[in-house]
Amino acid sequence: MTSLSIHNARVWADGRFFEGGVRVEDGRIAALARDPGKADTVLDAAGAMLIPGAVDMHVHFRDPGSPHKEDFGTGSAAAALGGVTTVLDMPNTKPAVLDASSFTAKRTAVSGRSFVDFGLIAAADPSNQAHIARLAEAGAAAFKFFTYERRDAPPAGILDDATLLDLLRAVAETGVRAHVHAENDSLVKAGRARERDSGDWSAHLRSRPALVEEEAVARTILFAREAGALLHVCHLSSARSLALIERARRSGQIVTAEATPQHLLLDEKGYALLGADLIMVPPVRTEEDRGALHMGLASGAIDAVATDHAPHTDDDKTGAPLAISTGLVGVQWSYPLMLTEALEGRLTLARAIDAMSTRPATMLGWRGKKGVIQVGADADLVLVEQSASVLDRSALASRGHSTPFAGTRVRARIRDVIVGGRVQVADSQLVGAPTGVFVTPGVRSPETRKA
Ligand SMILES: [Zn+2]
């Protein structure tokens, strides 16, 4: 592979900036220097920030199975344009990723079509307990548990408590994390029935009050502790759930959590204004919840920002509040939004980069390989220009267009994006080829387990 050098940057390394650049050889960072020297390709950063590419642990690229919503080409193009250089894709594709053969089939189907590196998450559901070990061997990045019956629920139905515990035990054996969408199924069903005929968008929130999440988080924390499983709570939405996670950690249990930009930046006041563009599950809640999550992100109690990028067609997002598809696109704008939080002083830049990149990489066992700018690491790099702009829906590369952030002012422009040493985005335009590679979690060492 050819060499690349980036000059005149403010390089984020070891938790601070230095003026200089990096030299990349064979897809890895070969040197950090004031003057990184000549190379086959030379980029002038013109004073822009050079930061590690983001790792988004939660995307739905709908591939295979639903190309009208998204495919790996469009989803990963959106990721690259947003400075997200590694994604973990969720298993509720068609067919669902339930065993080693569907895992391998999906890996084969999407290989050669991704502009960013990708890992694949496997499902853990009532039908596939016997397949957990082989899915881990095949390279599953995590196992996804749904505690409520989603619309595209597998034929085997939802997890009862005994099955949940058994599955967590099977996953614990592998050392791979259990990622949980935590909502109480019975309360979701009752809430939806209660609000079925409501015409206002806040009905979505009323149908899934905080208790819906809190109960399922409490239960999965208890069960994961019993099973010895590493628990990761997806898209945390409430202050009360966060308090449960912090309490479990104080007791010595390893529990990690992610939050989406919309749960960190928006609250229930948005429903009237944004309508379908704020409808996802679990719902965006009160200002108190949002504030607690934001503080949790700042303190590190919430480990990572992940988007739950979940595209739907415009038709799927049209209709009554409780009838439309839930899910929003997010992977293209998460880095600009979170960097703006830092540049406007509401979060440290160190924590923004950590939550977007370093921390999720560490959780996946990629310490020193991804999420950092240091010699030997993958050259997954993002040049960010500090300039004000307004997020424009027409710039989305995803096939889904539903997002609450169109029209939002940001102060960070993702200028150039390098994945594995290849320039995928130049001057905010996709210029690369789908050369992203399949990645698996790092060695599941005791160090990783503590991460
Ligand atoms: Zn999701």
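Scroll up a little and you will see the structure.
What you see is a predicted model, and the numbers here were worked out from it, not measured in a lab.

Colleague: Provide a residue-level description of the overall build of the protein, including the pertinent values.
Modeller: Across its full length, the protein carries 14 helices and 18 strands. In terms of overall dimensions, the protein is globule-like: its C-alpha atoms have a radius of gyration of 21 Å, near the 22 Å expected for 451 residues. Its C-alpha atoms put the protein at 65 × 45 × 45 Å along the principal axes. Considering the protein as a whole, with its 451 residues, one finds that 60% of them fall into the buried category. Excluding contacts between residues fewer than 6 apart, the proportion of contacts in the protein whose partners are at least 24 apart in sequence is 74%. Element-wise, carbon and sulfur atoms account for 51% of the exposed surface of the protein, whose accessible area totals about 16,400 Å². Treating the 50 positive side-chain charges of the protein as one cloud and the 54 negative ones as another, the clouds have centres 2 Å apart.

Colleague: With reference to specific residues and values, describe the pattern of salt bridges.
Modeller: Under the definition given, this model contains 30 salt bridges. Arg219 is paired through a salt bridge with Asp161; the nearest N and O atoms lie 3.4 Å apart. Here Arg219 is found in helix α7 (residues 210-227), whereas its partner Asp161 is found in helix α4 (residues 161-174), with 58 residues between them in sequence. For Arg219, a relative accessible area of 13% gives the class buried. Look at Asp161 and you get partly exposed, because its relative accessible area is 38%. Salt-bridge contacts for Glu341 lead to Arg346; the nearest nitrogen and oxygen are separated by 2.8 Å.

Colleague: I'd like to hear about the coordination of the zinc ion, residue by residue, with values.
Modeller: For the zinc ion, every protein donor is listed as His58 (NE2), His60 (NE2) and Asp308 (OD), and the spread of their distances is 2.0 to 2.3 Å. Expressed as a motif, the donor residue spacing for the zinc ion is H-x1-H-x247-D. In this pair, His58 is assigned in strand β6 (residues 54-59) and Asp308 in the loop between β14 (304-305) and α12 (334-343), connecting sequence segments 250 residues apart. Among the residues examined, His58 registers a relative accessible area of 0% and is labelled buried. Judged by its relative accessible area of 9%, Asp308 is buried.

Colleague: Residues and numbers for the packing of aromatic side chains, please.
Modeller: Overall, the coordinates contain six aromatic pairs when judged by the stated rule. Where Phe61 meets Phe72, the ring centres are 5.1 Å apart and the plane angle is 80 degrees; that geometry is what we call edge-to-face. Pair noted here: Phe61 is in the loop between β6 and α1 (72-81) and Phe72 is in helix α1, with a separation of 11 residues, a long-range link. Like Phe72, Phe61 is buried. When the centroid spacing of 6.0 Å and the interplanar angle of 75 degrees are considered together, the rings of Phe103 and Phe438 count as edge-to-face. Taken together, the residues span a long stretch of sequence, with Phe103 in helix α2 (residues 100-110) and Phe438 in the loop between β18 (429-430) and α14 (446-450) at a distance of 335 residues. Ring-pair connections join several aromatic residues into one group, and the members of that group are Phe61, Phe72, Phe103, Phe118 and Phe438.

Colleague: Pulling in residues and values, what's your account of the nonpolar core?
Modeller: Counting residues in hydrophobic clusters, the biggest one holds 97 residues, and the most contacted among them are Ile51, Val87, Phe143, Phe145 and Tyr335. One finds Leu4, Ile6, Ala379 and Leu383 within the second-largest nonpolar core, a separate group that totals 18 residues.

Colleague: Go over the sheet that holds strand β13 (residues 255-259), please, and point to the residues and values.
Modeller: One open sheet holds the six strands; their spatial order is β9-β10-β11-β12-β13-β14, and the pairing between them is parallel. A single partner strand is all that each edge strand has here, and the edge strands are β9 (122-123) and β14.

Colleague: I'd like a description of α12, backed by residues and values.
Modeller: Summarising burial for α12: nine of the 10 residues are buried, a large majority. Buried within α12 we find Ser334, Tyr335, Pro336, Leu337, Met338, Leu339, Thr340, Glu341 and Ala342. Phi turns positive one or two residues past the end of α12, at Gly345, with a value near 90 degrees.

Colleague: How would you explain the pairing of strand β1 (residues 4-13) if you had to name every residue and give the values?
Modeller: With eight of 10 residues buried, β1 lies mostly within the body of the structure. Bridge count between β1 and strand β4 (residues 41-44): four bridges; the pairing is parallel. For Leu4, the partnering residue across the bridge sits in β4 and is Thr41. Linking two consecutive strands that pair antiparallel, namely β1 and strand β2 (residues 16-25), is a turn of two residues; a positive phi of about 55 degrees is found at Asp14 within it. Sheet analysis places β1 next to strand β5 (residues 49-52), joined by two bridges and oriented parallel. When the sheet's bridge partners are listed, Val11 is paired in β5 with Leu50.

Colleague: Could you give an account of the layout of surface pockets, with specific residues and numbers?
Modeller: Size it by volume and the second largest pocket reaches roughly 290 Å³. If you go around the second largest pocket, you meet 16 residues; those closest to its centre are Gln332, Trp333, Leu391, Arg413 and Ser428. Here the lining of the second largest pocket gets four residues from one element, more than from any other, and that element is strand β16 (residues 409-419). Tallied by class, residues from the lining of the second largest pocket come to 10 nonpolar, four polar and two charged.

Reading guide: rules and limits
Residues numbered from 1 in each chain as written. Predicted model: local features only at pLDDT ≥ 70, side-chain atom pairs only at ≥ 80, totals over all residues. Heavy atoms only, no water. Helix = DSSP H or I, 4+ residues; strand = E, 2+ residues; numbered from the N terminus. Rg over C-alpha atoms; globule rule 2.2 N^0.38 Å. Buried < 20%, exposed > 50% of the residue type's maximum accessible area, 1.4 Å probe, protein only. Contact = heavy atoms within 4.5 Å. Areas by Shrake-Rupley, 256 points an atom, 1.4 Å probe, with all protein chains shown as cover. Lys, Arg positive; Asp, Glu negative; His and termini not counted. Charge placed at Lys NZ, Arg CZ, Asp CG, Glu CD. Salt bridge = Lys/Arg side-chain N within 4 Å of Asp/Glu carboxyl O. Donors = N, O, S within 2.8 Å, 3.2 Å for Na, K, Ca; no water. Phe/Tyr/Trp six-rings, centres within 6.5 Å; stacked < 30°, edge-to-face > 60°. Core = buried A, V, L, I, M, F, W, Y, C linked by side-chain atoms within 4.5 Å. Pairing = 2+ DSSP bridges. 1 Å grid on protein atoms, 1.4 Å probe; cavity = no way out; pocket = protein on both sides within 12 Å on 5 of 7 lines; lining within 4 Å. Points joined across faces, edges and corners; volume = space filled by probe spheres on them. Nonpolar A, V, L, I, M, F, W, Y, C, P; charged D, E, K, R; others polar.

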